[in-house]
Amino acid sequence: MSSMKTEELRADMSRRHFFDVTSQLASFVTGAGDGVANIFVPHATAGLAIMETGSGSEEDFAAALDRLLPRDDIYTHRHGSKGHGADHVIPAFIAPSLSIPVLGGELALGTWQSVVLVDLNRDNAQRRIRFSFLPA
């Protein structure tokens, strides 16, 4: 019977909205064989996305989120900084977990796909990211 491997990564998001964790996740599954990698953030104001990075996509995504979830005081959930209610809506649009196939110890991502933590919350910059691998 095979068992699940797990590891936790910590990220300081105080100076960024996006954190590309692809290389850390790839290192985590290196040599693991076939199976499924899961990545999870145990936070009510952050999510995970698979997207192209480094081409302006992060800025485009942030602008789209600003249009969709403006940083105004229009939310019922109002504690914290201005617009913090929007942070609590993000996980409804950007899931807090992702599963990715692993083949031969490598992530089965497409050429331009990266795994990115998305976090616009300025009230709590310290984030935990849980990697898990379940062998086939």
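Scroll up to find the structure.
Rules behind the numbers
- Residues numbered from 1 in each chain as written.
- Predicted model: local features only at pLDDT ≥ 70, side-chain atom pairs only at ≥ 80, totals over all residues.
- Heavy atoms only, no water.
- Helix = DSSP H or I, 4+ residues; strand = E, 2+ residues; numbered from the N terminus.
- Rg over C-alpha atoms; globule rule 2.2 N^0.38 Å.
- Buried < 20%, exposed > 50% of the residue type's maximum accessible area, 1.4 Å probe, protein only.
- Contact = heavy atoms within 4.5 Å.
- Areas by Shrake-Rupley, 256 points an atom, 1.4 Å probe, with all protein chains shown as cover.
- Pairing = 2+ DSSP bridges.
- Axes fitted to C-alpha atoms, helices over the stretch in contact; angles between N-to-C directions.
- Polar contact = N/O pair within 3.5 Å; in protein donor to acceptor, adjacent residues only side chain to side chain.
- Core = buried A, V, L, I, M, F, W, Y, C linked by side-chain atoms within 4.5 Å.

Undergrad: Which parts of the structure should I look at to understand the overall build of the protein?
TA: Within the protein one finds three helices and eight strands. Of the regular secondary structure in the protein, the N- to C-terminal order runs β-β-α-β-β-α-α-β-β-β-β. Taking 136 residues into account, the globule formula puts the C-alpha radius of gyration at 14 Å, and the protein, at 16 Å, falls close to it. In terms of its C-alpha atoms, the protein occupies a principal-axis envelope of roughly 50 × 30 × 25 Å. Buried residues in the protein amount to 40% of all 136 residues. Once local pairs closer than 6 in sequence are excluded, the contacts in the protein between residues at least 24 apart make up 80%. Working note: accessible area of the protein is about 7,300 Å², and carbon and sulfur atoms make up 53% of it.

Undergrad: Explanation requested: the sheet that holds strand β8 (residues 126-135) in the structure shown.
TA: Strand pairing in a sheet relies on backbone hydrogen bonds. The paired strands run either parallel or antiparallel. In space, the five strands of this open sheet follow the order β1-β8-β3-β5-β6, with antiparallel pairing throughout. Where the open sheet ends on each side, the last strands, each with one partner, are β1 (5-12) and β6 (106-107). Across eight bridges, the pairing between β1 and β8 is antiparallel. When the sheet's bridge partners are listed, Glu8 is paired in β8 with Arg130. Against the sheet, helix α1 (residues 22-29) makes contact with β1, β3 (35-40), β5 (97-103), β6 and β8, and its axis sits at roughly 35° relative to β8, the strand it touches most.

Undergrad: In this structure, what is going on with the side chain of Ser132? I would like to understand it.
TA: With respect to the secondary-structure elements, Ser132 resides in strand β8. A relative accessible area of 10% places Ser132 in the buried class. For Ser132, the side chain forms a polar contact with the side chain of Thr6, separated by 3.4 Å.

Undergrad: Can you help me understand the nonpolar core in this one?
TA: In terms of nonpolar packing, the biggest core is built from 22 residues, with Phe19, Val21, Leu25, Ile39, Leu117, Ile129 and Phe131 touching the most fellow members. Contributing elements (two or more residues each) for this core: β1, α1, β3, β5, β7 (114-118) and β8. Here Val21 is in contact with Leu9, Ile39, Val115, Ile129 and Phe131, once residues within four sequence places are set aside. With 13 residues, the next largest nonpolar core counts Phe18, Met51, Ala62 and Ile90 among its residues.

Undergrad: Would you explain the pairing of β3 in this entry?
TA: In the case of a regular strand, side chains alternate between the two sheet surfaces. Sheet analysis places β3 next to β5, joined by six bridges and oriented antiparallel. Of the residues in β5, the one forming a bridge with Asn38 is Ser99. Note: β3 against β8, six bridges, orientation antiparallel. Residue Ala37 lies in a different strand from β8, and its bridge partner there is Phe133.

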